[in-house]
Amino acid sequence: MAIKKVMVIGAGQMGSGIAQVCAQAGYTVILNDLKPEFVERGMNGINKNLDRAVEKGRLEASAKEETLGRLSSSTSLEDAATVDLVIEAAVENMEVKTEIFRKLDELAPEHAILATNTSSLPITEIAAATKRPEKVIGMHFMNPVPVMKLVEIIRGLATADEVYKEIKDMTKVLNKVPVEVNDFPGFVSNRILMPMINEAIYTLYEGVATKEAIDEVMKLGMNHPMGPLTLADFIGLDTCLYIMETLYEGFGDSKYRPCPLLRKYVKAGWLGKKTGRGFYEY
């Protein structure tokens, strides 16, 4: 089966980024979200990204127009009826994702592959909500999607070999690097990254150093492009907390226990860059 038409569910930063790279690679793309204004915001973000690429000489103006021409908007899951692949990039919540996959299973064509961009949740459990678990797979893109090369490809217990191969080949067409990962909580990226961020929050919580000092140590000492507390703000502290809780629940190991300060900030609504305040103010 050749993938030609893709539906991306969720027009936030991740979803709109995935839609952009798919459209730039020549796929026909439907960008879907619950409300027209959400989709419009995602489309505006794509437009700005492409404009920036044209200004910097990385993209021809004609290529920008062709990319936009391959994109269309949607607020109905029923639009999945004509696609070959769905990539779900909704909120990182198991109930939300399984409900979407249950509906997609009924609406998408029999041949369609159903992929999730989850950053930590079990693919096998998401696949169990469908009658086609062999066609369900994880495609975990990194943020910002147009820039970052890695895609973690996660097989569920039942994912078919040919489905894995199809998605691996498509990832290369998107000019990304596919890395195969087994279905464990947090996969590889967040199993390693999130405890590091959580430990940085503990270091602040225990008064070992200021937030600026913690970030400076990791930038200058470990050559990280940004400090862990700044990175947490960019990811979203609610997302960080949810992933830590998934790791803690999945492994039952106290080393994954979320820092109380992280919980406190999330309860206060200080979620990072998106709300204007996290560990830093924006």
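Presented here is a report on the structure given in the accompanying data block. Please read these numbers as outputs of a predicted model, since none were measured by experiment.

Here we look at the side chain of Asn117
Within the secondary structure layout, Asn117 lies in the loop between strand S5 (113–116) and helix H5 (123–127). A distance of 2.8 Å separates a polar side-chain atom of Asn117 from the backbone nitrogen of Phe141. Setting aside its immediate chain neighbours within four residues, Asn117 contacts Met14, Ile18, Glu88, Ala89, Met139, His140 and Phe141.

With respect to a nonpolar patch on the surface
A cluster of nonpolar side chains, contributed by Met226, Phe234 and Tyr282, occupies part of the molecular surface with about 270 Å² of accessible area. Mapped onto the elements of the fold, Tyr282 is located in the segment after helix H11 (260–268). Judged by relative accessible area, Tyr282 falls into the partly exposed class, the value being 41%.

Brief notes about unusual backbone geometry
Put simply, Asn143 and Pro144 share a cis peptide bond, and its omega is -5 degrees. Relative to the helices and strands, Pro144 is located in the loop between strand S6 (136–141) and strand S7 (150–155). Non-glycine residue Asn175 carries a positive phi angle of around 65 degrees. Within the secondary structure layout, Asn175 lies in the loop between helix H6 (161–173) and strand S8 (177–181). Assessed through its relative accessible area of 52%, Asn175 is described here as exposed. Residue Asn223 is not a glycine yet carries a positive backbone phi of 60 degrees. Tracing the chain through its elements places Asn223 in the loop between helix H8 (211–222) and helix H9 (228–235).

Regarding the nonpolar core
Within the largest apolar cluster, 37 residues are counted, with the highest numbers of intra-cluster contacts made by Val6, Cys22, Leu85, Ile87, Phe141 and Met170. Among the elements that take part in this core, helix H1 (residues 13–24) stands out by supplying six residues, more than any other. Discounting chain neighbours no more than four positions away, the residues touching Ile87 are Val6, Met7, Val8, Ile9, Ile18, Cys22, Ala115, Met139 and Phe141. Within the second largest apolar cluster, 22 residues are counted, among which are Leu77, Ala112, Ala127 and Phe187.

Reading guide: rules and limits
Residues numbered from 1 in each chain as written. Predicted model: local features only at pLDDT ≥ 70, side-chain atom pairs only at ≥ 80, totals over all residues. Heavy atoms only, no water. Helix = DSSP H or I, 4+ residues; strand = E, 2+ residues; numbered from the N terminus. Polar contact = N/O pair within 3.5 Å; in protein donor to acceptor, adjacent residues only side chain to side chain. Contact = heavy atoms within 4.5 Å. Patch = residues over 30% accessible without salt bridge, like charges linked within 9 Å, V, L, I, M, F, W, Y side chains within 5 Å. Areas by Shrake-Rupley, 256 points an atom, 1.4 Å probe, with all protein chains shown as cover. Salt bridge = Lys/Arg side-chain N within 4 Å of Asp/Glu carboxyl O. Buried < 20%, exposed > 50% of the residue type's maximum accessible area, 1.4 Å probe, protein only. Core = buried A, V, L, I, M, F, W, Y, C linked by side-chain atoms within 4.5 Å.

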